Structures are given as structure tokens and as C-alpha cells.
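Descriptive analysis of the structure
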Amino acid sequence: MGLAPEDADVLLAMSSDLLGVFDPGLGLVWANGALPDGLGWTASELEERPLTDVVHPDDVAEATDAVARAVVATAGGGGPPPGAVLTRCRAKDGGWRWLEWRARLDPGTGLICGAARDVTARRAARAARAASESRLQAILDHSSAAIFVKDLEGRYVLVNEAFVAGLGIERHQVLGRRADEVWPGAPIDDEDGRVLALGETFTRDDVVELADGVHRVMSVRFPLFDAGGAVSGMAAIATDITEQSRVEAALDERQRLLDTVITACPDIVAVLDGSGRVGEISEAVRHILGYELDDPVLHDDPGRLVHPEDLPGVHREYRRILATSDVQGGVRYRVRHADGRWIVLDTRAQAITGDDGKVAGVVLVSRDVTDDLEIENQMRAAVDVAEQASRAKSDFLSRMSHELRTPLNSVLGFSQLLEMDELAGPQGEAVGHIMRAGRHLLNLIDEVLDIARIESGNLELLLEPVRLHDVVGDAVDLAGPMSERAGIEVVFDVASCPPGRHALGDRQRLLQVLLNLLSNAVKYNHPGGRVDVGVEPDGAGSLRIVVADTGNGIDPADIDRVFEPFDRLGAERSTVEGTGVGLTLSKHLVERMGGVIEVRSSLGRGTTFTVALPEVDAPREERPSSPARADGPPVATAIRVLHVEDNLANLELVEQALRRTDVVELYAAMTGALGLDLARRHRPDVILLDLHLPDMSGIELLRRLQDDPATAAIPVVVVTADATPAQVQRVRGNGVAAYLTKPIEIRELLRVVEVTAGGGRG
């Protein structure tokens, strides 16, 4: 049944497509109502405009080409009919509309019929969706987490850069494929299928092998729903938590270690908050204070346990620590034990700072020092006792030095006077015996007192660089007279000890040690024997002074007894004099100087002693090898001497000694008061002063003399039996002119009196 023309017109008018008929030469001939509605132009307006005026300039060529192909195809020129053409057409309002159209040539009329559809909105929506997808892809690609989306068939429809980069594959190798297609033969977890089938969401941790190694990944899988609420796919977000897991594991391990240390710590470890409440406390509180960990008294008000007398100090220290974040503190206080007794805690504290840098609390580490304090008190008491004993020993040594030297002063003093008279025959020999016995006894006293001083810590040494060339040479020179009398040759290998070689020691004490060694080497040698002395480096920073003799030697079984005091290894039964303490003293002195003394011996062939001292650099200024003796000017007139001494024998000795010169006028006083009176009355040229007087000490009398302008300028020479170094130093510090120890050397006394009196007069 055919369609009536009037019905066709109605259908064309009702169509939403833009329909038109064009004359290729004249333009639009006819259009339906949709054309002006779509572009805003009326048919008559379009009839007056050429096609190129309506079509976008960029699309004119394509539109013209499409029309030409339509003409050719319709006219039977061959080729397929043109498909839909997309061009932009200008609307009446100036905007551009996208039209998708097709054209055909009517062979009967030669007119071109065209049908177009406005696809502007569709293109805009498609462009917006493309832009949205592009933005989404950019966001996903910039995410550090791996993200993928699957459809209902399990095919990947979206993956981000982190996903493909982590797996080491390209995006095109994944999209549109299922997991078993991307990784054929690999075990595939079907948890994604559970999400698609049941619409479940779940989170789990996995250990996966990625391109750069094994990683721990936390993934969240969740379903995607369409507009109707049905599952349309699924997505997953996987975050690499490898480093986080490592840090958390390290923190867990550190926490376990800390918990173990705190549990094993014998001290109480507690954490206090800013208000002073105990938040945590270690188990040590049980055995130290007897409280359980959850005892309210520990947490709510720990200050109740602190002794009231100690509480202010604890609060003060706690406030100080809270005031500054980097402050450490400590306080010792008493805390009540659960059984009621007091425990002394020594607490160290450190502030805890929060993320804002403010102090949030304090960590306390408290140690029970109750027993330690008791031990300290006992030790303090023991030290006090030891110090008292040391002082008593020092007083004893001083008294013994005085009491032993005082009678020897008479023995040796009067012997010297007799010796100066040059007695002949048996009397001269007797005086010599008295002198030798007296000096032997004096040496014994000195050595025993030196050992006692060393053991009590009262022997003072002056350690300094000592030039060995000088001190060894002096020792050999001083031993010369003894070796000559015994017929023993003492040879010093000077080449072994150049002048620039120095050792650390006390010069006088080292000289004393060497004299002891040389004396033994001479006394226990064969007649006509030899003693060799030399110096050699040991290669370990020390210098060794070697004293080797050719004597009888020592039995190997007796070597360990060499340095024992008073053990002479049987020599006490011989005619060789000795005290048995010289080597003991030498050992003590060398060790006090930081050195070592050793002995080697071969029975029948001789003995070698070695003293090793640290080698040091030479001092900038060399001290003189021996003190210079100042000679006073000659005294022409009588010297007035005041002798203050309470011992009659000593007074008589000094009187007889000074009587040998015609220029001395002597005044004697046996008390300090009389001595002070005589000094003011006679103004002597020199005062000889004993330190032990019956009415006052010699130090007190010296002070009074110096405080009195009438006697302050009189030089004072101390003559005393107290030879302890501390006393000598103390008295010399009071400005005395000289210090002579008993037994006195008569010639030295006369010299000192002459020099001192001459200096005072000058």
C-alpha cells in the first residue's frame, strides 16, 4: 500500500532528524522543521547562504568531498556510497553544533537529499567521560599503592602504574585479560572471585615476589556496583608495607628487649606522668620494697611512702626535671618498706618529652643503697681509724727519729771532737771504732725509719728528669774511698751513659740506692775484685743501671730472700758489717720512683743488680748536679751565738765545738722563755735552736722571735734530731737560715755558724 504525498509530508515534518534538499549550485531548496529548530536558522535564511558559510572552515573540505562522492556513487560512477560524515555547523546564535549526516543524489532532479543528526551533546558527554577517565588514570598512576579493577569475567579493565611497575610488565599485557592468561601456569588465588560472586569486602596481608624482590603487601578488595545495585566488577588497592613491617618488627623486638631488661633489672624502674602519678613500675619493687605491682599506694600517692624529712627534696628535684626537657637528675631518700622499715633509695631521673617537645613525665631508676650506706659508714670509720693510725705512726716516727738521734748526737759529736784532736795509738783507734759503730747505727736508724715512712705513705719523693751520667758518677766517686780501702776496683763505663740521657726519679734517693748497691758490691767482693757500672736502654722505654761484681755470688735458693728486711743470707756471721735493710729500702725507693730492681747471681762468680727507670727527655734547664756551697765573708770580730737546747750533753758538745774557734761568744738557754729573753738582751749574731723544748715548741719560739722587731732580723739555725722530710719542709717554710739534723757534723756546724753570722752582719 503506497504512502500518500500528504502523509509523507507529515512524516518528514515530524522527524527529529534534520532533513534537507540541496541544489549543488544554488544551496538549500527545502528543509523540514527540525533543521531551523536544531540550528536556529529558518529555511529562507539558509537558502540565502552558501554551504561554506554554514560549515566550519576546518570541515568544509571534508563536507565537499563527501557530497562529491555521494554524487559520483549515485550517478553510477562506482565506489561505495559515502558513510556518515561528522562536521561542525554554525548555529544562528554563533555557536557550533556537531552534525552527523549522510547525502544522496536524486538522479531525476539532480538535487542532493541530506539527513543529519545533532550529536553535540553525545560528543560532549563522550569527551567529558574521556577527560574523567584520563584524570582518574593520572590519579591512579600517581598513587604509590597498586590498584586494579576487574569485570565480572575476571578480566583486568584498569590497572595503574604502580601495579604494572611492581610486577615488571606492560599495561597492554594485562588489560582485557584474566590473571591465568597473564601468568599461565602460576597458582592463582580465587579470592577475587569471592568478591565478584558474593559482593564481600576483605583485607589481608600477602608476601609477594615483585620485580625487585620479596615484599609484604596489605590489600583491600571490594565489589563495584552498577546503578541497579548489582555487582558489576571488583577493585583492589594494595599497599606495600614491607618497610613498615620491618620497622614494626624492630620496634616489637626492641620493646621485647626493653621489657626483658626492665624485668631482669635489679633496680626499680618507674614511669611517672606530669602529675607525679606512677603509670608503670617494674617487678623489682616486690623484692626491694615488698609491694605488689598493682598496690594502689604505689600508683595513686607514692609520696606517702617517702620519709617526711626527705619529701621536700624529692619534690624539688622532680619539679626541676619537669621544668626542662633535657635535664637529668638524682636524689637519695628514704622510702617505707611494706613491713614498716626504711629503705634508702638512690634514684636517677630523666625527663620524657612528647612530640610537641614538652615534658610529659619522668623515668626513674631507683637502687637500694641501704646496705651500701652501711658499708660506706663502716669504711669511713675505718678510714678515720687508718688516718689516726697514720698520724700516730707519723708522730711515732718523728719521736723515734728524735729519741734515737739525740743520744747518737753525743756519741758521734764527742767522737768527732776527739778525732779532731788527732789522738795517737790505741786512743785514736778507739775513737775510730766509736765513729764507725756510731755511723753504722745511724745508717741503720735512717734505713729503718725510711722503710717505715714508705709503708705509712709518709716518704715524699721529688720525681724529675735525672741526668744519669751525673748521679752514677757521683755514686762511684762517693764509693771510691771504701773501694780503695778494700782493694776493689770500681769501673764506670762512661761511654754507656752519654750526658744527654735522663731517667725519671728522685736524684737524692736514686743516689742512695746506687750507694747501697756499690757498698754491697764492694763489701761482698774478693780482694782485688772488680765492680762494673754501666747504663743501657732496655728497648721498652726504660734505662737500666747495671752494677755487677765479681764476688762470691748468691745461692739460687736464696735469691728470693735478697730483698727481705734484716735477712743478710748468713753474712751476719761474718766480719762484714751490714744492717740487712739496705736492699729492702732500695727496692721500695726504686718502685716508688716507678722503676724495677732485679738481681741475677752465679754462685762463685758474682752478682749483678739492675735498676730500670723510665727514660724521659731532658728538662729545658738543667739543675746543678750538686748544690753550691756559699762561703761567707771572713768574720774579724767575735760571733755571738745563742744556743737554745734542753739537753745538757748537747749543750756541752756545741760549747766544746765552738770553743775551738776564738771568735765565738756563746750564750746557752735550756728553755724557750730564757732563750727569748737572752735574744732580746744580747742580740746574738746567730741562734742555734732545738725544736723540742720543755716550755714551748721550737716553732713557737721561732714565731715569737720573728714577731718581735728587736729579734726578727736574727738568723736562726735549727739543730734538731727530727729529720722527717715533712718537718724539714715545714720548718724551712718558716724562714730559718739552715736546718741541721742530729747527730751533727762538727765541721758543718762550724761552717754554718760562720757563714750565717757573716751574712747577718753583712
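Now for a quick tour of the structure. (Residues numbered from 1 in each chain as written. Predicted model: local features only at pLDDT ≥ 70, side-chain atom pairs only at ≥ 80, totals over all residues. Heavy atoms only, no water.)

Our focus in this paragraph is the overall build of the protein. Counting its secondary structure elements, the protein contains 24 helices and 27 strands. Scored against the burial criterion, the 762 residues of the protein give a buried share of 38%. Across the protein, contacts joining residues at least 24 apart in sequence account for 56% of those joining residues at least 6 apart. When the accessible surface of the protein is split by element, carbon and sulfur atoms take 54% of a total near 41800 Å². (Helix = DSSP H or I, 4+ residues; strand = E, 2+ residues; numbered from the N terminus. Buried < 20%, exposed > 50% of the residue type's maximum accessible area, 1.4 Å probe, protein only. Contact = heavy atoms within 4.5 Å. Areas by Shrake-Rupley, 256 points an atom, 1.4 Å probe, with all protein chains shown as cover.)

This next bit is on the environment of Ala486. The topology assignment puts Ala486 in helix α17 (residues 480-486). Placed 36 residues apart in sequence, Ala486 and Val522 show a C-alpha to C-alpha distance of 7.2 Å.

Quick look at the nonpolar core now. Counting 39 residues, the largest nonpolar core has Leu468, Val472, Leu510, Leu518 and Val533 as its most contacted members. Where this core is concerned, the elements lending two or more residues are α16 (468-478), β17 (489-492), α18 (507-523), β19 (530-537), β20 (542-549), α19 (582-592), β21 (596-602) and β22 (606-616). Among the elements that take part in this core, α18 stands out by supplying eight residues, more than any other. Grouped together as the second largest cluster of nonpolar side chains are 25 residues, Ala270, Ile288, Val335 and Leu345 included. (Core = buried A, V, L, I, M, F, W, Y, C linked by side-chain atoms within 4.5 Å.)

By definition, the strands of a sheet pair up through backbone hydrogen bonds, in either a parallel or an antiparallel sense. Strand order in the open sheet formed by five strands is β7-β6-β10-β9-β8, and the pairing between neighbours is antiparallel. Strands with a single pairing partner mark the edges of an open sheet, and in this sheet they are β7 (156-159) and β8 (202-210). Going from strand to strand, the sheet's axes swing by 25° on average, the running direction of each strand aside. Of the pairings in the sheet, the one linking strand β6 (residues 146-151) to β7 comprises three bridges and is antiparallel in character. For Val149, the partnering residue across the bridge sits in β7 and is Leu158. (Pairing = 2+ DSSP bridges. Axes fitted to C-alpha atoms, helices over the stretch in contact; angles between N-to-C directions.)

With that settled, consider the packing of aromatic side chains. Inspection of the entire model under this criterion finds three aromatic pairs. Summarising the aromatic geometry, the rings of Phe148 and Phe163 are spaced 5.5 Å apart at their centres and angled 55° between planes, so their arrangement reads as tilted. One end of the pair, Phe148, is in strand β6; the other, Phe163, is in helix α7 (residues 161-167), with 15 residues separating them in the sequence. Ring geometry for Tyr156 versus Phe163: centroids 5.7 Å apart, planes at 50°, classification tilted. In this structure Tyr156 comes out as buried when scored by relative accessible area, which is 4%. Ring-pair connections join several aromatic residues into one group, and the members of that group are Phe148, Tyr156 and Phe163. The ring of Trp98 has Arg123 sitting right over it, with the charged end atom 4.0 Å from the ring centre. Above the ring of Phe202, the side-chain terminus of Arg194 is found at 4.4 Å from the ring centroid. (Phe/Tyr/Trp six-rings, centres within 6.5 Å; stacked < 30°, edge-to-face > 60°. Lys NZ or Arg CZ within 6 Å of the ring centre and 35° of its normal.)

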